[in-house]
Structures are given as C-alpha cells and as structure tokens.
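# Geometric and topological summary
Listed here are the chains, written in short residue letters.
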Amino acid sequence: MGGDDVRLRAVVTLAQGMAAAHAPRESWRAAAAGACRALGGSFAALSVWERELGRLRVLANVGERARDEEEFPEDEAYPVHQFPEITEFLHERWVGGGGPNAWVETAAGPAAGHAEYCHQRVAALRRRGRGCCVVAPIVMHGRAWGELYVARPAGAPVFDRADADFATVLASVVAAGIAQTERLEEARRLAFTDALTGLANRRAVDMRLDEAIERHRAEGVVVSLVVCDLNGLKRVNDTRGHAVGDRLLERFGSVLSLCGAMLPGTLAARLGGDEFCLLAVGPAADEVVRVADELCRRAGELELGEGVACGVASTEDPLGPVRSARRLFRLADAAQYRAKAVRSAKPVVAGREGPDDPVVRLADAPPPAAAERRRFRGRR
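Below: a short report on this structure.

Procedures and definitions
Throughout this document, residue positions are counted from 1 along each chain, in the order its sequence is written. With the structure being a predicted model, the display of local features is reserved for residues of pLDDT at least 70 and the display and counting of side-chain atom pairs for 80 or more, all residues being used for whole-chain, interface and lining totals. Note: side-chain values were computed over all heavy atoms of the structure, leaving out hydrogens and water. Structural elements are reduced to axes, namely lines fitted to C-alpha atoms, with helices fitted over the stretch in contact, and the angle between N-to-C directions of any two is expressed from 0 to 180 degrees. For the purposes of this entry, the term helix denotes a DSSP run of H or I that reaches at least four residues, the term strand denotes a run of E that reaches at least two, and both are numbered from the N terminus. Convention used here: angles under 35 degrees read as roughly parallel, angles over 145 as roughly antiparallel, angles from 65 to 115 as roughly perpendicular, and any remaining angle as oblique. Handedness of a helix crossing follows the sense of rotation of the near helix relative to the far helix, less than a right angle counterclockwise being left-handed and clockwise being right-handed. By definition, residues are in contact when any of their heavy atoms lie within 4.5 Å. Polarity classes work like this: nonpolar for Ala, Val, Leu, Ile, Met, Phe, Trp, Tyr, Cys and Pro, charged for Asp, Glu, Lys and Arg, and polar for all others, with Gly in that last group. In this scheme, a helix's expected span is set at 1.5 Å multiplied by one less than its residue total. Residue exposure (1.4 Å probe, protein chains only): buried if accessible area is under 20% of the type maximum, exposed if over 50%, otherwise partly exposed. Remark: nonpolar core denotes a set of buried residues (Ala, Val, Leu, Ile, Met, Phe, Trp, Tyr, Cys) joined through side-chain atoms within 4.5 Å. Pairing of aromatic rings covers Phe, Tyr and Trp, the last counted by its six-membered ring, and requires centre-to-centre distances within 6.5 Å; plane angles under 30 degrees mean stacked, over 60 mean edge-to-face, and any other angle means tilted. By definition, two strands form a pair when at least two bridges between them are found by DSSP. By convention in these notes, a salt bridge is any Lys or Arg side-chain nitrogen within 4 Å of a carboxyl oxygen on Asp or Glu.

### Structural notes on the packing of helix 2 (residues 24-38) against helix 5 (residues 161-191)
- Direction vectors running N to C along helix 2 and helix 5 enclose 165°, while the axes themselves pass 10 Å from each other. In this view, helix 2 runs roughly antiparallel relative to helix 5, as classed from their interaxial angle. Here helix 2 and helix 5 pass one another in a crossing that is right-handed. Here Pro24, Ser27, Ala31, Ala35 and Ala38 of helix 2 lie close against helix 5, whose contacting residues are Phe166, Leu170, Val174, Gly177, Thr181 and Glu185.
- Residue classes in the contact of helix 2 with helix 5 are distributed as 7 nonpolar, 3 polar and 1 charged.

Have a look at this one:
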C-alpha cells in the first residue's frame with residue numbers, strides 16, 4: 001500500500017500542477033515535470049502530433065537536458081514514419097479493444113515483446129547518455145494527441161512493466177489537464193477577441209492599457225493611443241446592407257492590423273461599432289504618429305467607406321501628467337473628435353498645438369451634465 005500511496009500522491013500533484021497553470025507553456029512544463037518526478041526519471045518531454053504535417057513536435061523538455069534540447073523548442077520535430085510505434089499508435093489500432101498502453105525502450109535495444117521497435121529512440125538514448133525511456137501515448141476526445149516521454153540516465157534501474165502501466169495512468173491525467181487548458185485558452189480568446197474582425201476587443205484594451213499606464217508611472221515607458229472612427233459606415237449599411245458594412249469593418253480591421261504590426265508589440269482592437277484603436281507601449285510618439293498617418297492613407301484607399309477620423313495621444317507629448325488610462329483615452333478621443341470636425345485626412349495629435357492646445361482643453365474640460373458623447377470617456 002505504501003507504493004500505491006506514493007503513486008496516488010504523485011498523480012494528485014501532477015493534476016494540481018497542471019490545474020494551477022495560467023498558460024499553455026506552464027501546463028506543458030507542469031505535465032512533463034510532474035511525470036518525470038512521479039516515474040523517478042531524469043528527463044521528460046511532452047510532444048504533440050501535428051496531423052497535417054505528419055510529425056511529432058516537442059512542446060517542452062524538462063530535467064537534465066542535452067545540449068540540443070531546449071526547454072520550449074521552436075523546431076524540434078520528428079517525422080512519424082521514422083517511428084513505427086508512433087505510426088501504430090497514431091493509426092489508433094487500439095480503438096478496437098484495450099487502451100493505448102505505454103511501452104519501454106532501452107539503450108541496449110527494444111524491450112521484450114516489442115522486437116519491431118528498434119530504431120530512432122535507441123539511437124537517441126545512446127546519443128544523449130540515457131539508459132532507458134518509457135513512452136506513454138496521450139489520447140484526447142478519443143483521438144491520438146501526442147506522447148509523454150520520460151527517461152533515466154545510463155546505469156539507473158530500467159523501467160519495468162509496472163512503470164509503463166503507471167505512465168499510462170499519468171498520460172490520461174495529462175490529457176485531462178491539457179483539455180482543461182485548451183478550454184480555458186479558448187474561453188480567454190473569445191473573451192478578449194472581437195468576433196467580426198478577429199482583433200482585440202474593448203475588454204482587452206482596457207486590461208492592457210491599465211498595465212501600460214502602471215508601467216508608465218513606475219518606469220516612464222511611453223504609452224500611445226491611436227483612436228479612429230471609420231467614416232461612412234452608416235451610409236454603407238443604409239444603402240448597401242449590413243453584410244457589405246461588415247465587409248468594410250473586416251477590411252479596415254486588416255488595414256489596422258497591418259499598420260499596428262509596424263510598431264512592435266502594438267495591440268490592434270475594435271472598440272465597438274465603427275470605433276477602432278491601436279495601443280502602443282514603448283515606441284516613440286513620432287513613430288506612432290507616422291504609423292497613424294499611414295493608417296489614414298490606407299483607409300482612404302479602401303473601396304468602401306470614406307476614410308477615417310484619427311486621433312493620437314502619447315505620454316511622450318506635452319499633455320501634462322497622465323496618471324490614468326481614462327485620461328489618455330479622453331485625450332485620444334478628443335483628438336479624433338477634432339479630426340472629424342475639421343475633416344482632416346491626417347491624424348490629429350494631442351498636445352502639439354502649443355500651451356493652449358484645443359485638444360487638451362477639450363479632453364480636460366468638465367463633463368457636461370448629459371451623457372458624454374462617447375462611452376469610453378465615462379470610463380472609471
């Protein structure tokens with residue numbers, strides 16, 4: 001019972017480690033590390049089968065890594081045709097009966113009962129100074145997903161049948177943890193993504209901007225907002241239908257994304273309706289204005305619509321203290337409002353018209369008694 005208790009605790013620890021992960025990489029690391037500890041290994045890897053490419057791609061390597069093994073490799077992958085046992089598993093021959101059980105390989109050659117499994121794994125074990133490994137298939141939703149691999153160094157006790165059976169159990173726990181992580185990632189993606197354009201949504205901007213303003217206050221990092229209204233959307237909707245209007249929104253979203261990519265790390269978002277923005281953290285204000293100018297030019301070339309009214313506000317410009325996300329939003333919105341009022345084909349930039357800048361005055365004016373013109377002015 002003592003050994004059973006130890007293994008039960010190892011299963012619980014593995015499950016808890018994956019449940020505590022906040023991102024896929026953390027989940028992959030927790031899965032590999034937990035299995036490595038549970039099986040008394042010195043190294044472990046988690047890999048996924050990329051069906052469309054016919055290869056097994058390594059997601060995470062943990063433990064005593066060889067020189068050619070990175071923790072989160074970008075391009076470590078193996079064609080499945082080089083591994084007969086992977087091919088057999090991926091063809092899902094186990095579906096008709098029994099389960100996808102783990103197996104053991106040794107540097108001396110294949111384990112008993114698997115004479116056909118003499119190939120790349122043995123060579124890899126020898127090359128990396130390992131004595132044996134146990135390979136456990138991972139199955140999700142009834143289909144092959146990938147594998148869990150745990151190795152021991154040369155000279156250590158070889159994995160036995162009981163270890164392989166336990167690895168099969170661990171692989172099922174890993175599968176459940178990965179499925180949960182994928183569900184959470186999908187929910188997170190949906191919560192922070194605009195369904196029509198695929199850009200970030202208002203919620204994502206709010207969160208990122210709050211974090212950026214904190215960095216600005218603590219470190220002085222430059223934070224800039226480009227806010228724009230897509231002109232002519234109502235006319236398109238009224239005269240050509242909402243399906244055509246949606247196409248205009250999608251096309252402008254692509255232009256916004258393209259321009260945002262000119263500034264490293266910039267978030268491109270649709271705030272709602274015909275309102276869009278770029279949030280840049282780090283680039284100089286002049287670079288942001290240059291990109292905003294390019295955005296206006298490209299928007300003016302769209303077949304549908306009538307260009308954009310674009311406003312820019314940056315903490316690098318003379319705006320006075322920017323202590324809140326709300327104030328930077330108000331400044332960018334006021335600049336956009338002025339651009340629309342004067343029908344400017346170029347972005348209007350807050351704070352660049354001298355000490356009595358009209359955009360800054362408009363943004364900092366006391367709000368009217370009635371509801372404010374745009375919803376994000378009333379934010380926090």
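Still more ground to cover, so stick around.
### A short note on helix 2
- Taking 1.5 Å per residue as the helical rise, helix 2 with its 15 residues ought to reach 21 Å, and the 21 Å between its terminal C-alpha atoms agrees with that figure.
- Taken together, the buried positions of helix 2 are occupied by Ser27, Trp28, Ala30, Ala31, Ala32, Ala33, Gly34, Ala35, Cys36 and Ala38.
- Taken from the residues just after helix 2, Gly40 is the one with a positive phi, measuring 65°.

### Some words on the nonpolar core
- Formed by 41 residues in total, the largest nonpolar core has its most connected members in Leu46, Val134, Leu170 and Val174.
- At 10 residues, the largest contribution of residues to this core is made by helix 5.
- With residues up to four places along the chain from it excluded, the contact list for Leu170 reads Val11, Leu14, Ala35, Ala38, Leu39 and Leu148.
- Grouped together as the second largest cluster of nonpolar side chains are 32 residues, Val205, Leu225, Leu271 and Cys277 included.

### A word on the packing of aromatic side chains
- In this structure the tally under the stated criterion is 2 aromatic pairs.
- Their ring planes at 75° and their centres at 6.2 Å tell us that Phe43 and Tyr149 sit as a pair that is edge-to-face. One end of the pair, Phe43, is in strand 1 (residues 43-50); the other, Tyr149, is in strand 7 (residues 143-153), and 106 residues separate them in sequence. Across this residue pair, the class does not change: Phe43 and Tyr149 are buried.
- With centroids separated by 4.9 Å and ring planes inclined at 80°, the aromatic side chains of Phe252 and Phe276 adopt a geometry described as edge-to-face. Of this pair, Phe252 sits in helix 8 (residues 242-260) while Phe276 sits in strand 10 (residues 275-281); the two residues are 24 residues apart in sequence, bridging distant segments of the chain. Comparing Phe252 with Phe276 shows no difference in burial state: the two are buried.

### Details of the sheet that holds strand 10
- The 5 strands lie next to each other as 9-10-8-11-12, forming an open sheet whose pairing is mixed. On the outer flanks of this sheet lie strand 9 (267-272) and strand 12 (348-349), each paired with one strand and no other.
- Bridging between strand 8 (residues 223-230) and strand 11 (residues 308-314) involves 7 bridges; their strand directions are antiparallel. From the neighbouring strand, Leu230 faces strand 11, where its bridge partner is Val308.
- Contacting strand 8, strand 9 and strand 10, helix 6 (residues 202-219) runs over the sheet at an angle of about 125° to strand 9.
- Along the sheet, helix 10 (residues 325-341) makes contact with strand 8, strand 9, strand 11 and strand 12, crossing strand 11 at roughly 145°.

### Regarding the pattern of salt bridges
- According to the stated counting rule, one finds 26 salt bridges in the structure shown.
- Across the salt bridge formed by Glu50 and Arg57, the nearest N and O atoms sit 2.4 Å from each other.
- A relative accessible area of 12% places Glu50 in the buried class.
- Close ionic contact of Arg352 with Asp317 constitutes a salt bridge, the shortest N to O distance being 3.1 Å. With a gap of 35 residues between them, Arg352 in the loop between strand 12 and helix 11 (358-364) and Asp317 in the loop between strand 11 and helix 10 connect regions that are remote in the sequence.
- Classification of Arg352 by relative accessible area gives partly exposed; the value is 38%.
- According to the relative accessible area criterion, Asp317 is buried, its value standing at 12%.

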